[in-house]
Amino acid sequence: MTGIVGSVLEAWDELRVHKVRVLLALVGVAVAVCAITAISAAGEMLRQVSAEQNDRWNGRAATLQVSAWPTGEGGSVMPAPEEYEQVFDEIVERYSVGYSSMLRNAPAPVRFPEGTREVYTTGVEPDWATMHRFEVTSGRWFTDADADRLSPALVVNQAFLDALGGVTVAEHPTVTIGGDNPVVATVVGAYPDAWPQAEPEAYVLVGSQAAWVTPESLEMTGPPSLELWVPEELADDLVELVQRDVAGALSGVQADVFRFDSPDYASVDGAIRLVVLGVSVIALLLGGLGLVNIALVTVRYRIREIGIRRSFGASSGRVFFSVMMESVVATTVAGVLGVTVAVVALHNLPLDALMGYPVQDRPGFPLSAAVTGMVAAVGIGALAGLLPALVAVRVKVIDAIRY
């Protein structure tokens, strides 16, 4: 330990002597380390953002979608919505699924101030928002108590509010839905439009949606489906079990169960890691080239000093280690500065504005990125100091003294 500490202190003193020349090389290394740390950290953080976006579209891992379509064989007809609901409830209870939601799409005639328009409604259950990371911008999402409301609760997009005359959720707007047996629904929440000039659309509880669902609309949009959020390790087994149960409970249907999320997302994630690693290595090597040049020039000017040290008994190993440690200490300092700059920069990175979507679980600065940056800094210092150290060891004592 005495020899190691002594070499480190000696390397630090040499850096102070040659600080002007070394500083130029350290700037490049610090920038490279900042780049590799920032790229690695940004990759980790953006992967979290991408995973959340994937959850919004397809559900969290692992989300199973269950559907049962009539085959038409033997005069089979579509089971009644109550039959689907009963079978789906039994499956949720049988396998103790913590989060589940029925889905049913059905158009509904909505009476706006400018006239009646057909609006696309999606029937869901309260758990659906958690499964898909869905958030409202004003008002609230559904609760279990909304199932007992006489006036069905609606969560609508901004286009729906604009069609009502530009009202806000705070005004508790109501709207009449349905044809022969209309109901008055209340808007309790709102969310942004998915794209400019979007059409009015709404989410509603499946039970409330039954007020305007007709057999004709079900034939057009299809039967209700079920989404189950289950542990990933049980997903494959549950696919077979749930498919068997649905096929056995509903006669004359083709039961289909599959993962609705993206199980291949991990492979895409691995490709991103390789790209990030490749770019980082190139950036670091470019930063280390300058340090190699400066170190070689410095050793050239210190040949006489090295010869004198060898004449006083300094071993080849001590000379080799001392010269190499100069580069290692220098890049370590540059690494600390580079990692610090990367942490400060990414801490203030506006992920929401960058990705265009809200981030629920904002990831912190990953420790692995900081460790990667420091390991890379020390590693490039060792590589940059290897060649100058070999040159210093090959110096002959008599030639060095004459130099």
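Remember, it's a predicted structure, so these values are computed and weren't measured experimentally.

Asker: Looking at this structure, I do not really get the overall build of the protein chain. What am I missing?
Answerer: If you tally the helices and strands in the protein chain, you get 14 helices and 10 strands. Taken over 403 residues, the protein chain has a buried fraction of 44%. Counting contacts in the protein chain only where the partners sit at least 6 residues apart, residues at least 24 apart contribute 80% of the total. As displayed, the protein chain has an accessible area near 20800 Å², and 61% of this comes from carbon and sulfur atoms.

Asker: Honestly, the pairing of strand β9 (residues 225-229) in this entry has me stumped. Any pointers?
Answerer: Note on strand geometry: in a regular strand, side chains alternate between the two faces of the sheet. With four of its five residues buried, β9 lies for the most part within the structure. The pairing of strand β1 (residues 63-70) with β9 spans four bridges and is antiparallel. Across the sheet, the residue bridging to T63 is W229, located in β9. As defined by bridge partners, strand β2 (residues 99-112) adjoins β9 across five bridges and the pair is classed as antiparallel. The residue bridging Y99 from the neighbouring strand is W229, located in β9.

Asker: How do you make sense of the packing of helix α10 (residues 303-311) against helix α11 (residues 316-347) when you look at a structure like this?
Answerer: Packing of α10 against α11 brings their axes to within 10 Å, and their N-to-C directions diverge by 145°. The handedness of the crossing between α10 and α11 is right-handed. The residues of α11 that touch α10, namely those facing I306, R309 and R310, are S316, R318, V319 and S322. In the contact of α10 with α11, the residues fall into two nonpolar, two polar and three charged.

Asker: Quick question: what am I supposed to make of the nonpolar core here?
Answerer: One recurring pattern in soluble globular proteins is that nonpolar side chains are buried together. Ranked by size, the top nonpolar core spans 24 residues in total, and within it L64, V66, L228, V230 and V246 carry the most contacts. Elements with a minimum of two residues in this core: β1, α3 (81-94), β9, α8 (232-249) and β10 (253-259). In this structure L64 touches L226, E227, L228, V230, A235, L238, V239, V257, F258, R259 and F260, once residues within four positions along its chain are discounted. One finds V167, V175, A190 and A202 within the second-largest nonpolar core, a separate group that totals 20 residues.

Asker: Just checking my understanding: could you explain the environment of W212 for this structure?
Answerer: Within the element layout of this structure, W212 appears in the loop between α6 (206-209) and α7 (215-221). Remark: the alpha-carbon pair of W212 and P182, spanning 30 residues in sequence, is separated by 7.5 Å. With sequence-adjacent residues up to four places away left out, W212 is seen in contact with A106, P107, A108, T121, I177, G178, V183 and V204.

Asker: Please explain the UniProt feature "transmembrane region" (unreviewed entry) in the protein chain as it appears in this structure.
Answerer: Sequence positions flagged by UniProt for "transmembrane region" (unreviewed entry) are, in local numbering, residues 22-43, 274-299, 319-347 and 367-393. Helix makes up 100% of residues 319-347 and strand 0%, and the two end C-alpha atoms of the span are 42 Å apart.

Asker: Mind showing me how you'd approach the packing of α11 against helix α13 (residues 367-393) here?
Answerer: Two numbers describe how α11 lies on α13: the axes approach to 7 Å, and their chain directions differ by 150°. By the angle between their directions, the pair α11 and α13 is classed as roughly antiparallel. Between α11 and α13 the crossing geometry is right-handed. Of the residues contributing to the contact of α11 with α13, the split by class is 20 nonpolar, eight polar and no charged.

Asker: Got a minute to help me understand α13 in this structure?
Answerer: Residues separated by three or four positions in an α-helix point in the same direction, a consequence of the helix having 3.6 residues per turn. The end-to-end C-alpha distance of α13 is 38 Å, a good match for the 39 Å that 27 residues give at a rise of 1.5 Å each. Approximately 35° is the largest bend angle found in α13, and it occurs at L386, with the proline P388 only one to four residues beyond. Along α13, the positions that sit buried rather than exposed are A369, A370, G373, A376, A377, I380, G381, A384, G385, P388, A389 and A392.

Asker: Any chance you could explain a negative patch on the surface here in plain terms?
Answerer: Together, E82, E83, E85, D89, E90 and E93 line one region of the surface with negative charge. Turning to its location among the elements, E82 is positioned in helix α3.

Asker: Would you mind showing me how to read the packing of aromatic side chains here?
Answerer: Working definition: an aromatic ring pair is given by the centre-to-centre distance plus the angle between the planes. Under the definition given, this model contains 13 aromatic pairs. On the basis of an interplanar angle of 45° and a centroid distance of 5.2 Å, the ring pair of Y99 and W229 is categorised as tilted. Pair noted here: Y99 is in strand β2 and W229 is in strand β9, with a separation of 130 residues, a long-range link. The exposure class of Y99 is partly exposed, given its relative accessible area of 36%. Judged by relative accessible area, W229 falls into the partly exposed class, the value being 24%. Taking the centre distance of 5.8 Å and the plane angle of 65° together, the rings of W141 and Y203 count as edge-to-face. One end of the pair, W141, is in the loop between β4 (138-139) and β5 (153-157); the other, Y203, is in strand β8 (residues 201-205), and 62 residues separate them in sequence. Y203 carries the same exposure label as W141, and that label is buried.

Asker: Even after reading the chapter, I still don't get the pattern of salt bridges, so can you show me in this structure?
Answerer: If the charged atoms of two oppositely charged side chains come close together, the side chains can form a pair. All told, the structure shown has seven salt bridges when counted by the stated rule. Where R133 meets D55, a salt bridge forms, and the shortest distance between an N and an O atom there is 3.0 Å. Highlighted residues: R133 in the loop between α4 (127-131) and β4 and D55 in helix α2 (residues 19-58), separated in sequence by 78 residues. Linked through salt bridges whose partners overlap, the residues forming this network are R94, R244 and D245.

Rules used throughout
Counting of residues starts from 1 at the beginning of each chain's written sequence and follows it residue by residue. Selection of residues for local features in this predicted model requires a pLDDT of at least 70, selection of side-chain atom pairs for listing and counting requires 80 or more, and totals for whole chains, interfaces and linings are taken over all residues. Side-chain numbers here rest on the full set of heavy atoms in the structure, without hydrogens or water. Each helix corresponds to a stretch of at least 4 residues labelled H or I by DSSP, and each strand to a stretch of at least 2 residues labelled E; elements are numbered beginning at the N terminus. Categorising residues by exposure relies on relative accessible area from a 1.4 Å probe, with only protein chains included: less than 20% of the type maximum marks a residue as buried, more than 50% marks it as exposed, and the intermediate range marks it as partly exposed. Contacts between residues were defined by any pair of non-hydrogen atoms, one from each residue, lying within 4.5 Å. The method behind every accessible area is Shrake-Rupley, applied with a 1.4 Å probe, and residues are considered shielded solely by the protein chains displayed. At least two DSSP bridges between two strands are required for those strands to pair. Orientation is described by axes fitted as lines to C-alpha atoms, over the contacting stretch for helices, and by angles from 0 to 180 degrees between their N-to-C directions. Left-handed describes a crossing in which the near helix is turned anticlockwise from the far one by less than a right angle; the clockwise case is right-handed. Charged residues are taken to be Asp, Glu, Lys and Arg, nonpolar residues to be Ala, Val, Leu, Ile, Met, Phe, Trp, Tyr, Cys and Pro, and polar residues to be all remaining types, Gly included. Nonpolar core, defined: a set of buried Ala, Val, Leu, Ile, Met, Phe, Trp, Tyr and Cys residues in which side-chain atoms within 4.5 Å join the residues together. UniProt positions are given in the numbering used here, feature names are shortened, and annotations may be inferred rather than shown by experiment. Orientation is classified from the angle alone, with under 35 degrees giving roughly parallel, over 145 giving roughly antiparallel, 65 to 115 giving roughly perpendicular, and any other angle giving oblique. Multiplying one less than the number of residues by 1.5 Å gives the expected span of a helix. Here the bend at a residue means the angle between the axes of two seven-residue stretches, the one that ends at it and the one that starts at it. For patch detection, residues must exceed 30% relative accessible area and be free of salt bridges, and they are connected within 9 Å for like charges or within 5 Å for nonpolar side chains (Val, Leu, Ile, Met, Phe, Trp, Tyr). What counts as a salt bridge is simple: a side-chain nitrogen of Lys or Arg found within 4 Å of a carboxyl oxygen of Asp or Glu. The charged-residue count follows a simple rule in which Lys and Arg add positive charge and Asp and Glu add negative charge, with His and chain termini not counted at all. Here the site of a charge means atom NZ of a Lys, CZ of an Arg, CG of an Asp or CD of a Glu. To pair, rings of Phe, Tyr and Trp, with the six-membered ring standing in for Trp, must have centres within 6.5 Å; the planes then decide the type, stacked if under 30 degrees apart, edge-to-face if over 60, and tilted in the middle.

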